[in-house]
Amino acid sequence: MFLNKISKTQVLTSLILFVCLGFSSAKSVFAQDKSIRELTLEARRMVDENRYLDALPLLEQIVLSYPDNGEIWADFGIAIISTATTINDTVERKKELERGVKALLRAKKLGTKNPRALYFLDEFENSDGTDNFSNKNPEVEKALRKGELYFGRGEYDKAFKYYETAHKLDPKNYEAMLFMGDCFYVQGKFKESEKYFAQAVEINPEVESAYRYWGDALMSQNKNAEGLEKFLDAFIRDPFSLLSWNNLKNWAERTKANYEPIIIAPPGVEEYGTLDINEKLLKTDNGTDRWLLYNRNIAEQMAKKTATDQSFTLADEIKAWRAVADAVRRDIKSGKIKYPDQNLVNLLKIDDENLLEPYILLLRPQGTFGDDYVAYREKNPQKIKQLIRKFILNLKD
């Protein structure tokens, strides 16, 4: 489990929601109680500065004045969990994490879209009190938590010293190096932060966080192409994280790119996830009845498996999709399908680029494909990046 800090872009996104929803739903409260208004403005400023530990006492006072405001409850939950990471005692930390999760659950129920809140909820909902700061060497853990304490208060020089202490005690500690860089980043020293993020990648190239932080640092220097490359590296390491997708959305907004993941869905099927084809909705004239070949192919493959091996693999899924693509391509060429359904057109686009595997792994995953993704990623990182560039961000070559 890893407690990730979020880029300024993501913090500002949640802040905008905080402002819009907070003030629109609380005008009557402000009119009645000026002190609540003042506390809210101060909490907003602290959240903007990423000073969640300082904001927590204020949020404690104002949150009940906004019982229906998901964004304020989201910030409240984030502040609680951020404070919990500074607690050395595991039992006490667990209690505080549980309190934070309750606030985040309420925020989610109220409709928050705050990426940090939703990420924390996913990470800590069933926490036993341990986190990525837990260390066999208690002095390393103590230094990291002390660093978090000062970081959460905006005292970045002091935070850096404690992270540096943890690094000296354990030169292979990923979090120490990452957060040393973050101390520079939050102060606007983006170029200086890069070397620490690069060293964190060297310590553990399989964790997404350092790539993400590095991408943020590059974007803050208007190095958009280089920033995207780091975000793609982060995505590849953890493609099923809300943060990974949020990076791509934020990059697209910043660069005016067209973030619109390609959709391949038979009639009546959700845009993402597994296929559950309703044969009654398929038509001949637009070619959607060719999806019958998907069901037929799956049934044929399963019939060939032994009684002791009924496992369904990525290769099986690809074969079924390709049966549909081959039939559609052939029937369009022969004139049998004159006006193909757009989803079928998209299928042919993906297949023509030989990107069915990454498309299915990322946008149509099934529970059995987890190991397939790791193996595919190791051999085909560029294909994953190609899919994202061309069919999610819709970038031209």
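Here is what the cut-offs are and how they apply
- Here, residues in each chain are numbered from 1, in the same order as that chain's written sequence.
- Thresholds applied to this predicted model are a pLDDT of at least 70 for local features of residues and 80 or more for the giving and counting of side-chain atom pairs; totals over whole chains, interfaces and linings are not thresholded and use all residues.
- Only hydrogens and water are removed before side-chain values are computed, so all heavy atoms of the structure are retained for them.
- A run of H or I in DSSP becomes a helix once it reaches four residues, and a run of E becomes a strand once it reaches two; helices and strands are each numbered from the N terminus.
- By definition in these notes, contact holds between two residues if any of their heavy atoms fall within 4.5 Å.
- Two rings from Phe, Tyr or Trp (for Trp, the six-membered ring) form a pair when their centres sit within 6.5 Å of each other. Planes less than 30 degrees apart are called stacked, planes more than 60 degrees apart edge-to-face, and all others tilted.
- Should the NZ of a Lys or the CZ of an Arg lie within 6 Å of a ring centre and within 35 degrees of the ring normal, that charge is described as sitting over the ring.
- Nonpolar cores were defined as sets of buried Ala, Val, Leu, Ile, Met, Phe, Trp, Tyr and Cys residues, with membership established by side-chain atoms within 4.5 Å.
- Buried, partly exposed and exposed residues are distinguished by accessible area as a fraction of the type maximum, computed with a 1.4 Å probe on protein chains only: under 20%, between the cut-offs, and over 50%, respectively.
- Within this document, salt bridges are pairs made up of a side-chain nitrogen of Lys or Arg and a carboxyl oxygen of Asp or Glu, the two lying within 4 Å of each other.
- Lines fitted to the C-alpha atoms define the axes, with helices restricted to the stretch that makes contact. Angles between their N-to-C directions range from 0 to 180 degrees.
- Here roughly perpendicular refers to angles of 65 to 115 degrees, roughly parallel to angles under 35, roughly antiparallel to angles over 145, and oblique to all remaining angles.
- Two helices crossing with the near one rotated counterclockwise from the far one by less than a right angle form a left-handed crossing, whereas a clockwise rotation gives a right-handed crossing.
- Three categories are distinguished: nonpolar for Ala, Val, Leu, Ile, Met, Phe, Trp, Tyr, Cys and Pro, charged for Asp, Glu, Lys and Arg, and polar for the others, with Gly belonging to the last.

Q: Explain the environment of Gly-181 to me, please; I cannot follow it from the model alone.
A: Inspection of the secondary structure puts Gly-181 in helix 10 (residues 174-185). Residues Gly-181 and Glu-192, eleven residues apart in the sequence, show an inter-C-alpha distance of 7.6 Å. Those residues in contact with Gly-181 that lie beyond four places of it in its chain are Ser-193, Tyr-196 and Phe-197.

Q: What is the right way to read the packing of aromatic side chains from this model?
A: Aromatic rings in a pair are described by how distant their centres are and how their planes are angled relative to each other. Per the counting criterion, the structure on display carries 16 aromatic pairs. Measuring from ring centre to ring centre gives 5.4 Å for Phe-184 and Tyr-196, while their planes differ by 15°; the resulting arrangement is stacked. Placement of the pair is Phe-184 in helix 10 and Tyr-196 in helix 11 (residues 190-203), with a sequence separation of twelve residues. One aromatic cluster in this structure is built from Trp-291, Tyr-294, Trp-321 and Tyr-359. The ring of Trp-214 has Lys-230 sitting right over it, with the charged end atom 3.8 Å from the ring centre.

Q: What is the right way to read the nonpolar core from this model?
A: When a protein is soluble and globular, its nonpolar side chains tend to lie buried together. Core analysis: the biggest nonpolar cluster contains 47 residues, and Leu-248, Trp-291, Tyr-294, Trp-321, Leu-347, Ile-350 and Tyr-359 have the highest contact counts within it. Looking at this core element by element, the count peaks at seven residues for helix 16 (residues 314-334). Setting aside its immediate chain neighbours within four residues, Trp-291 contacts Ile-264, Pro-266, Leu-275, Ile-277, Leu-282, Trp-321, Val-324, Leu-344 and Leu-347.

Q: Looking at this structure, I do not really get helix 17 (residues 342-352). What am I missing?
A: The periodicity of an α-helix, 3.6 residues per turn, causes residues three or four places apart in sequence to face the same way. Along helix 17, the residues that are buried comprise Asn-343, Leu-344, Asn-346, Leu-347, Leu-348, Ile-350 and Asp-351. Contacts made by the buried residues of helix 17 are with helix 16, helix 18 (356-363) and helix 20 (381-391). Immediately downstream of helix 17, the backbone of Asn-354 shows phi near 60°, a positive value.

Q: Hey, could you run me through the pattern of salt bridges in this one?
A: Oppositely charged side chains are able to pair whenever their charged atoms sit close together. Using the criterion set out here, one finds 26 salt bridges in the structure. Of the charged contacts, one joins Arg-45 and Glu-49 as a salt bridge, the two residues approaching to 3.3 Å between their closest N and O atoms. Taking relative accessible area as the criterion, Glu-49 reaches 33% and is therefore assigned partly exposed. A salt bridge links Glu-49 to Arg-51; the shortest N-O distance between them is 2.6 Å.

Q: So what exactly am I meant to see when it comes to the packing of helix 5 (residues 70-84) against helix 6 (residues 90-109) here?
A: Axis separation between helix 5 and helix 6 bottoms out at 8 Å; the angle between their running directions is 165°. Looking at the two axes, helix 5 sits roughly antiparallel to helix 6. When you trace helix 5 past helix 6, the crossing you get is left-handed. Contact residues: helix 5 offers Gly-70, Trp-73, Ala-74, Phe-76, Gly-77, Ile-78, Ile-80, Ile-81 and Ala-84, while helix 6 offers Arg-93, Glu-96, Leu-97, Arg-99, Gly-100, Val-101, Ala-103, Leu-104, Arg-106 and Ala-107. A breakdown of the residues in the contact of helix 5 with helix 6 according to their chemical character gives twelve nonpolar, three polar and four charged.

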